[in-house]
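Below are the chains, spelled out letter by letter.
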Amino acid sequence: MAEEIIKIEDFKFKEGQVASRELTRKFGREEDYAEIHVLSLNDQVLASDFNFINYNTPSEAVDFDGLISEINMDPVAELNALGYTSGKYKIKLNLLRRKILNTPLSVFFLKEISSSRREIKLKLNNSFNNTETISSIRNFINEIETNIFFKDFGLNFQDGNILTAINIAIDEREIQPSILIKLLEPLPVNYVINDQCSIVEEVIDPTVLTINLGRPEDIDNSIPLQGPNFKIDTRLNSSIPSGYKTYDDILNSSTVLSSSYNELLSSLTDEDVLNIPYDYIRPVSGTLEDIDVPSHFENFIHFGSAVERLKNFEYKLSLIELYDSQLSDINSITGDTSASSAVITNKNNTTLKKDNVIKGFDG
């Protein structure tokens, strides 16, 4: 194989593309396994697969012993399989080799942490506290000490991070032996006593991909409207339409009819206006069940009094008359006083109160 390593972190993937990683070490032993973790952009673990097998290998990357030097995976397909279809995520791939015992279960738990957090003591879980495990620990320590080159190893707390360790020893002075570990970096504060872990070896450095799945598709909940009817005979329905006006044009217009202007203000303020034909009078012999057209009050008054509504309407009309009278008095002011700030402010306030009353009318 070529010595050049493809840096997969620099790639940008689209749907259907495949991520490829060339390995500088062989992968595929009985004790080898892969983990995949989905992270947020601030490195919070969202989902994990501790036995990831959904990858493939080119035939030319497999040697005579069945070990592989290249693996391929589709990061977008993995995100979709885990239920992620939109947004930005990180995918972290760990290729690991189990040490001491070839088991997916956590062999040790955290017993003590030094003040510097670089030295820790591990204890065996009860199910692994036996002669075979102790012998495997001794063999691993011997492998570390007799290696010609410096050989580190890792602690896997199954949270996506592999903590690098640089030394190991066994303390058999107690009935249950302890494992003493020296770390390369201080143990992060999120790890506490009784956290469980295993000792592993990284086949390669973790691979991290940033995948952008895009925005979610917008759901159209609108109601389609019928198009204009261009078949109307204008000769029978001739009219001269007005020009288009913006809302500001209407508000600033001094020639608009007051009734149309007030109706517009009321409609823009209240989106749920009842359309009641007030000129319709329900027959005395009819009933509400067999009459489709609402009458004056049956479908308009539910929990209140029609009399009170009419009194309220009369009160609003009297307010409008009062405001009109005040505006008339203000407009009668002449001379320089008519342009004073006090007169203008009083006029604007009175006009605003009148408009608010009018906008409060319903259908």
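Since we're looking at a predicted model, the values are computed, not measured. (Residues numbered from 1 in each chain as written. Predicted model: local features only at pLDDT ≥ 70, side-chain atom pairs only at ≥ 80, totals over all residues. Heavy atoms only, no water.)

So, on to unusual backbone geometry. The phi torsion at Q158 lies on the positive side, around 60°, for a residue other than glycine. Of note, Q158 is situated in the loop between β8 (153–156) and β9 (162–171). Judged by its relative accessible area of 35%, Q158 is partly exposed. With a phi angle near 80°, N194 is a residue other than glycine that sits in the positive phi range. Locating N194 in the fold gives a position in the loop between β10 (178–183) and β11 (196–202). (Helix = DSSP H or I, 4+ residues; strand = E, 2+ residues; numbered from the N terminus. Buried < 20%, exposed > 50% of the residue type's maximum accessible area, 1.4 Å probe, protein only.)

Bringing the environment of L82 into the picture now. Structurally, L82 can be placed in the loop between α1 (75–81) and β5 (88–98). With relative accessibility at 41%, the residue L82 sits in the partly exposed group. Each C-alpha atom, one on L82 and one on S48, is 9.2 Å from the other, the two residues being 34 residues apart in sequence. The contacts of L82, once residues within four sequence positions are left out, are V38 and A47. (Contact = heavy atoms within 4.5 Å.)

Looking now at helix α5 (residues 306–331). Compared with the 38 Å implied by 1.5 Å per residue over 26 residues, the 37 Å span of α5 between its first and last C-alpha is a close match. Among the residues of α5, L319, I320, Y323, L327 and I330 are the ones counted as buried. Structurally, α5 contributes buried residues whose contacts are with α6 (341–359). (Expected span 1.5 Å × (residues − 1).)

Counting 27 residues, the largest nonpolar core has F108, L122, L155, I168 and I181 as its most contacted members. Residue assignment for this core shows that the elements contributing at least two residues are β6 (108–113), β7 (119–124), α2 (131–146), β8, β9, β10 and β11. Considering each element in turn, this core owes the most residues, five residues, to α2. Once residues lying within four places of it in the same chain are set aside, the contact partners of L155 are I120, L122, N161, I162, L163, I181, L183, S198 and I199. Counting residues in each nonpolar core, the second largest holds 21 residues, with I36, L79, Y84 and I91 among its members. (Core = buried A, V, L, I, M, F, W, Y, C linked by side-chain atoms within 4.5 Å.)

A full pass over the atoms with the stated rule returns five aromatic pairs. Centre to centre, the rings of F157 and Y191 are 4.6 Å apart; their planes meet at 40°, and the pair counts as tilted. Here Y191 lies in the loop between β10 and β11 and F157 lies in the loop between β8 and β9, a separation of 34 residues in the sequence. Given the relative accessible area of 10%, F157 is considered buried. Here a set of aromatic residues connected by ring pairs shows up, and it is made of F27, F52 and Y55. (Phe/Tyr/Trp six-rings, centres within 6.5 Å; stacked < 30°, edge-to-face > 60°.)

Here the structure, examined in full by the defined rule, presents ten salt bridges. The salt bridge partner of R97 is D32, with a shortest N-O separation of 2.6 Å. On the criterion of sequence distance, the pair formed by R97 in strand β5 and D32 in strand β2 (residues 32–39) is long-range, its members being 65 residues apart. For the pair formed by R97 and D32, the shared burial category is buried. In this structure, the salt-bridge partner of D324 is K354, at a minimum N-O distance of 2.6 Å. Of this pair, D324 sits in helix α5 while K354 sits in helix α6; the two residues are 30 residues apart in sequence, bridging distant segments of the chain. By relative accessible area, D324 is classed as partly exposed at 33%. Connected via shared salt-bridge partners are K99, E143 and E201. (Salt bridge = Lys/Arg side-chain N within 4 Å of Asp/Glu carboxyl O.)

Functional significance is not addressed by these values, which are geometric in nature.
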